[in-house]
Amino acid sequence: MNFIQQLFEKLLWNSRLFIILAVVLSMVGATLLFVVASIDVIKAVINTYKYYVGLLGADADIHNVLLHTIVSAIDLYLIAVVLLIFSFGLYELFIRKITIKDENSSKVLEIHTLDQLKDKLAKVIVMALIVAFFSKVLNMGIAVSVDMLYFSISILAICVGLYFLHKH
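Definitions and cut-offs
Residues numbered from 1 in each chain as written. Predicted model: local features only at pLDDT ≥ 70, side-chain atom pairs only at ≥ 80, totals over all residues. Heavy atoms only, no water. Helix = DSSP H or I, 4+ residues; strand = E, 2+ residues; numbered from the N terminus. Buried < 20%, exposed > 50% of the residue type's maximum accessible area, 1.4 Å probe, protein only. Contact = heavy atoms within 4.5 Å. Salt bridge = Lys/Arg side-chain N within 4 Å of Asp/Glu carboxyl O. Axes fitted to C-alpha atoms, helices over the stretch in contact; angles between N-to-C directions. Parallel < 35°, antiparallel > 145°, perpendicular 65-115°, else oblique. Nonpolar A, V, L, I, M, F, W, Y, C, P; charged D, E, K, R; others polar. Phe/Tyr/Trp six-rings, centres within 6.5 Å; stacked < 30°, edge-to-face > 60°. Polar contact = N/O pair within 3.5 Å; in protein donor to acceptor, adjacent residues only side chain to side chain. Patch = residues over 30% accessible without salt bridge, like charges linked within 9 Å, V, L, I, M, F, W, Y side chains within 5 Å. Areas by Shrake-Rupley, 256 points an atom, 1.4 Å probe, with all protein chains shown as cover.

A. Molecular detail of the environment of Tyr52. Note that Tyr52 resides in helix H2 (residues 19-53). Residue classification places Tyr52 among the exposed positions, given a relative accessible area of 59%. As for Tyr52 and Ile62, which are separated by 10 residues in sequence, their C-alpha atoms are 9.0 Å apart. Ignoring any residue separated from it by four or fewer positions in sequence, one finds Tyr52 in contact with Ile62 and His63.

This is the structure:
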C-alpha cells in the first residue's frame, strides 16, 4: 500500500509540469503580440513619412491615423506584458525559482504567491482596459451635451478606480 501511495504522490507532484505548456504558449503569445505591435509602429513611421512627403494624398489625416495606430500598439504591448508576467509567475510558482536573476534585477517579475501574480496581472489588465477605453473615446463623436456628461463621468470612474487600485 505504501508503494501505491508513493507512486500516486509522485505522479500528482509531477503533474504540475503540465504548467510548462501554459508557460511556453504564453511566451509565444507575448512574442507574437510584441512583433505585431512593433510592425504597427513601423507602419506608422512609414505612413508619417509618406504623409509629409506628399504620397498619402491631401485628404489624409495623419494625426488621427497615427494616434489610433500608436494607441493600438500600446494596447498590444500591455497585453504582451500580461502574458509575460503570467508565464514568469506560473513558472516560479509551480516549477522552480529562476536562478539566473540577480539582486539588481527588476522586481516586476518577482512573484512568490498566487495572490501576487493575480495583483500584478490585474494592474496591467486594468491599464490595458484604460488604453482600450481611450482608443474607443477617440472614435466617439460628441453629438449632444449629455454625451459630454457621460464622457466626463466615465473619466471620473476610471480615475477613482485607479486611485483605489494603487491605494494600499
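After that view of the structure, there is still more to cover.
B. Representation of the pattern of salt bridges. All told, the structure shown has 1 salt bridge when counted by the stated rule. The salt bridge involving Lys118 is made with Asp115; its shortest N-O contact spans 3.3 Å. With Lys118 and Asp115 both in helix H4 (residues 114-139), this residue pair falls 3 residues apart, about one helical turn. What makes Asp115 partly exposed here is its relative accessible area of 46%.

C. Geometry of the packing of helix H3 (residues 62-95) against H4. Their axes nearest at 9 Å, the elements H3 and H4 cross at an angle of 170 degrees. The angle between H3 and H4 falls in the class roughly antiparallel. Class assignment for the residues of the contact of H3 with H4 results in 22 nonpolar, 4 polar and 2 charged.

D. Quick peek at the packing of aromatic side chains. A full pass over the atoms with the stated rule returns 3 aromatic pairs. Measuring from centroid to centroid gives 5.8 Å for Phe34 and Tyr77, while their planes differ by 35 degrees, and the two rings are tilted. One end of the pair, Phe34, is in helix H2; the other, Tyr77, is in helix H3, and 43 residues separate them in sequence. Since its relative accessible area comes to 27%, Phe34 is described here as partly exposed.

E. Spotlight on the side chain of Ser87. The residue Ser87 is located in helix H3 in this model. Among the polar contacts made by the side chain of Ser87, one reaches the main-chain carbonyl oxygen of Leu84 at a distance of 2.9 Å. Contact partners of Ser87, with chain neighbours within four places excluded, come to Val23, Ser26 and Met27.

F. Just a nonpolar patch on the surface, in detail. There is a patch of nonpolar side chains on the surface, built from Leu17, Ile20, Leu21, Val24, Leu25, Val28 and Leu32 and spanning about 620 Å² of accessible area. Following the sequence through the fold, Ile20 ends up in helix H2. We classify Ile20 as partly exposed; its relative accessible area is 37%.

On their own, these measurements won't tell you what the molecule is for.
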